[in-house]
Amino acid sequence: MKLPFIDLKTQYELYKSEINREILGVLESTQFILGPQVTKLEENLANFTGSKHVISCSSGTDALLIALMALDIKAGDEVITTPFTFIATAEVIALVGAKAVFVDIDEETYNINPSLIEEAITEKTKAIIPVSLYGQCSNMDEINEIAKKHNLYVVEDGCQSLGATYKNRKSCNLSDIGCTSFFPSKPLGCYGDGGAIFTNDDLLAKKLRTISNHGQEERYKHKYIGINGRLDALQAVILNVKMKYFSDEIKAREEIGARYNRLLENSAVTPPKILKDRTSVFAQYSILSKNRTELISKLNQAGIPVAVHYPISLHQQEAFAPLGYKDGDFPVSEKISKEIMSLPMSPFLTKEQQDLVVNSIKEFA
Ligand SMILES: *Cc1c(COP(=O)(O)O)cnc(C)c1O
């Protein structure tokens, strides 16, 4: 049997009776959009992260978009972010009419390099969006410090890192706003699209919630231009069931990630480096290989699926051609995008499955 890349099937089989019952409950209730189950999810997430406010929404992308809208980021503004991320991070900057300004990444964590941020700040800069890539946070204290000095907002793209910690604090509760995604393959995934926004600021929370629902403060009274960015109840009940097991799943992810790291130490590939003051939820377990194409085909032959997150740096994407970047502008991002590859990862990956992956990598070398 082919090994699953992300084992959603095993997870569903484990929680099936509860999930099915909850889904039927929503169908019987006919409360499909927002409602008590969505409110319960927001409370669960607030307890989990320690954030004062949680606003659920329609996706991780919309979480980021609503965040930028609530911060009034618009045409003429600049937002600093990493070129080594999923396109959504920078896409939302363009969607509000602002300009994405890329800053190269750190060679060890693949996250934005804080020591390069200040030289990218101009009078137009309004915010920084660090991405907690593969489930490990950036140097958030350092980034918050720079932001404070220059009067900028920090929006953490925590779409891969819900459940990770940074200096014993939870990802998504480390800056002005945190955003996450419940896309099925994320560490906490629903069965469709979903996302959430986290903040400790009362006024901002109210504005985020209003914007996520057509800018509507009371029915048919619209204070802002907003979006249809609400979460539906089916997704909320699925997430409420999964939240009961999320801490155990995170522990399993950490153990599997640490075991992969031990087994791949001193091999031909470079395992991910997790810094001492933080934990990763390993949304992806990504290694570097100088012979990526050959290694991927060898692993695929052995029935092992592999993915590349991400093969092209955002400054080299056609969609961002108007930004005027060229090849060579972000050498670390470009180098990592050529060598990175993600191995099968889920809380349910068995030792035997892990050994098969590791042994196949070692045989190739
Ligand atoms: C998945 C992801 C997003 C977008 O989330 P969606 O729920 O798919 O819209 C944004 N940023 C990063 C880093 C992601 O991994």
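Everything in this summary refers to the structure shown in the same document. All residue numbers refer to position in the chain's written sequence, counted from 1. It should be noted that, the model being predicted, local features are given only for residues of pLDDT at least 70 and side-chain atom pairs only at 80 or more, the latter also being counted only at that level, while totals for whole chains, interfaces and linings use all residues. Hydrogens and waters are ignored; side-chain quantities use all the structure's heavy atoms.

### Examining the site of the ligand
Around the ligand lies a shell of 16 residues, among which Gly 60, Thr 61, Gln 160, Ser 181 and Lys 186 are the nearest. Polar contact is defined as a pair of N or O atoms within 3.5 Å, subject to the rule that within protein one atom must be able to donate a hydrogen and the other to accept it, and that residues adjacent in sequence are counted only when both atoms are side-chain atoms. Contact between the ligand and Gln 160: an oxygen atom at 2.7 Å from a side-chain N or O atom of the residue. Against a free-state accessible area of 380 Å², the protein chains account for coverage of 93% of the ligand. Helix and strand labels come from DSSP, where a helix needs a run of H or I of at least four residues and a strand needs a run of E of at least two; each type is numbered from the N terminus. Counting residues per element, the ones that place at least two in the shell around the ligand are helix H3 (60–70) and helix H4 (88–95). Nonpolar residues are Ala, Val, Leu, Ile, Met, Phe, Trp, Tyr, Cys and Pro. Charged residues are Asp, Glu, Lys and Arg, and all others, Gly as well, are polar. Taken together, the residues of the shell around the ligand break down into six nonpolar, eight polar and two charged. Near, as used in this document, describes a residue that has one of its heavy atoms within 4 Å of the molecule or strand being considered. Residue-level accessible areas treat just the shown protein chains as cover; the underlying method is Shrake-Rupley with a 1.4 Å probe.

### Side note on a nonpolar patch on the surface
Exposure above 30% relative accessible area and the lack of any salt bridge qualify a residue for a patch; like charges then connect within 9 Å, and the nonpolar side chains Val, Leu, Ile, Met, Phe, Trp and Tyr within 5 Å. Definition used for salt bridges: Asp or Glu carboxyl oxygen within 4 Å of a side-chain nitrogen of Lys or Arg. Residues Leu 24, Leu 27, Phe 32 and Ile 33 make up a contiguous nonpolar surface patch of about 360 Å² in total accessible area. Structurally, Leu 24 can be placed in helix H1 (residues 8–29).

### Here we look at unusual backbone geometry
Here His 309 and Tyr 310 are connected by a cis peptide whose omega angle stands at 5°. With respect to the secondary-structure elements, Tyr 310 resides in the loop between helix H8 (292–301) and helix H9 (331–339). Phi is positive for Thr 30, which is not a glycine, with a value near 55°. Assignment of secondary structure puts Thr 30 in the loop between H1 and helix H2 (36–49). With a phi angle near 65°, Asn 168 is a residue other than glycine that sits in the positive phi range. In this scheme, a residue with accessible area under 20% of its type's maximum is buried, one over 50% is exposed, and one in between is partly exposed, where area comes from a 1.4 Å probe on protein chains only. Judged by relative accessible area, which is 76%, Asn 168 ranks as exposed.

### Some details on the pairing of strand E12 (residues 285–288)
The two faces of E12 match: Tyr 285 and Ile 287 on one face and Ser 286 and Leu 288 on the other face are all buried. For two strands to be treated as a pair, DSSP must find no fewer than two bridges joining them. Sheet topology places E12 next to strand E13 (residues 340–343); four bridges connect them, and they run antiparallel. Bridge assignment links Ser 286 to a residue of E13, and that residue is Ser 342.

### Quick word on the state of the cysteines
When two cysteine sulfur atoms lie within 2.5 Å, the pair is treated as a disulfide. By the definition in use, this model includes zero disulfides. In this model Cys 172 remains outside any disulfide bridge; the closest cysteine sulfur is found in Cys 179, 7.6 Å from its own.

### Some points on the pattern of salt bridges
Charged atoms that come close allow side chains of opposite charge to pair. Tallied over the entire structure, the rule returns 20 salt bridges. Note that Lys 298 is salt-bridged to Glu 363, the shortest N-O span being 3.4 Å. Linking Lys 298 in helix H8 with Glu 363 in helix H10 (residues 351–364), this pair joins segments that are 65 residues apart in sequence. Residue classification places Lys 298 among the partly exposed residues on the basis of a relative accessible area of 27%. One network of salt bridges, with partners in common, ties together Glu 107, Lys 290, Lys 335 and Glu 339.

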